[in-house]
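Reading the structure
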Amino acid sequence: MGKCEQCIVREFSSLKALNKEELLKIASCKTSYTIKKGEPIFEEGEITNGIYCVKDGVCKLSKLSQNGKDQIVKLVKPGELLGQRSMISDEPTNLSAIALEDMQVCFIPKSEILAFFNNNNQFSMNVMRTICSDLKEADDHMVSMAQKSVKERLAETLLYLHDTFGVNADGTLKIQLSREELSSIIGTATESCIRLLSDFNKSGVITLTGKKISLKDKNQLRKMAE
């Protein structure tokens, strides 16, 4: 699985504050996994006892609502950590993490991570900053859900998928979400989402090829999202 000090997760996460000795410690105690598309890394209500480093692939963080519908809260890309919050609050996980494509993840036990908290100030600060940034994102998302129309939220989400995860060689969005997943992100019924995509397609701002989506007029989408 390669060395921790050369890993993408170290570059983009709280782990960048760890020194060589600490990284060697992680390398000796981590467990590496391949998670297949559609499989959970962990499920809501689980005790994880550590954190997961996302080395490759993308997963969705979602919460099951009372009516049994999946609400996607966030998409997580390579370089991010999972499970920091429940590790610090010492509570079961609040969300499920399900692979949207095949993933490579490493698990680091809680005991090792907590030892870094006591000895490495910068690491503790980084973890706090990450959690604060997640909170800010959640606030922004909540306001967007309350104040923007479904059409605005769809435009915003399509741009987010394009800007964050990029496109394939044929120009289609790299992250291929099902219509159900897309509707779950924007907080609407699947039928409404399908209808809106069809409207966007007719007006030429996107092109639909089967399940795939290409953004044809990003400027127009930006106007729609505001």
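A short tour of the structure in this document, coming up. What you see is a predicted model; the values in this text were computed from it and never measured. (Residues numbered from 1 in each chain as written. Predicted model: local features only at pLDDT ≥ 70, side-chain atom pairs only at ≥ 80, totals over all residues. Heavy atoms only, no water.)

We describe a pair of aromatic rings using the distance from one ring centre to the other and the angle between the two ring planes. In total, this model carries five aromatic pairs according to the counting rule given. Between tyrosine 52 and phenylalanine 107, the ring centres sit 4.9 Å apart and the planes meet at 55°, which makes this aromatic pair tilted. Of the two residues, tyrosine 52 sits in strand β3 (residues 50-56) while phenylalanine 107 sits in strand β8 (residues 103-109), which places them 55 residues apart along the sequence. Here the two residues tyrosine 52 and phenylalanine 107 agree in accessibility, since each one is buried. When the ring of tyrosine 160 is compared with that of phenylalanine 165, the centres are 5.9 Å apart and the planes differ by 85°; the resulting orientation is edge-to-face. Exposure remark for phenylalanine 165: the relative accessible area of 12% places this residue in the buried category. Through pairs of rings, three or more aromatic residues link up here, namely Phe42, Tyr52 and Phe107. (Phe/Tyr/Trp six-rings, centres within 6.5 Å; stacked < 30°, edge-to-face > 60°. Helix = DSSP H or I, 4+ residues; strand = E, 2+ residues; numbered from the N terminus. Buried < 20%, exposed > 50% of the residue type's maximum accessible area, 1.4 Å probe, protein only.)

A few words now on the pattern of salt bridges. On inspection of all chains with the given rule, the structure shows 13 salt bridges. Residues lysine 36 and aspartate 102 are paired through a salt bridge, measuring 3.6 Å at the closest nitrogen-oxygen approach. With lysine 36 in the loop between β1 (31-35) and β2 (40-42) and aspartate 102 in the loop between β7 (96-99) and β8, the pair connects residues that are 66 residues apart, well separated along the chain. Note on lysine 36: relative accessible area 44%, which makes it partly exposed. A salt bridge links lysine 63 to glutamate 44, with the nearest nitrogen and oxygen atoms 3.0 Å apart. Taken together, the residues span a long stretch of sequence, with lysine 63 in strand β4 (residues 59-64) and glutamate 44 in the loop between β2 and β3 at a distance of 19 residues. Looking at glutamate 44, the relative accessible area reads 32%, which means it is partly exposed. (Salt bridge = Lys/Arg side-chain N within 4 Å of Asp/Glu carboxyl O.)

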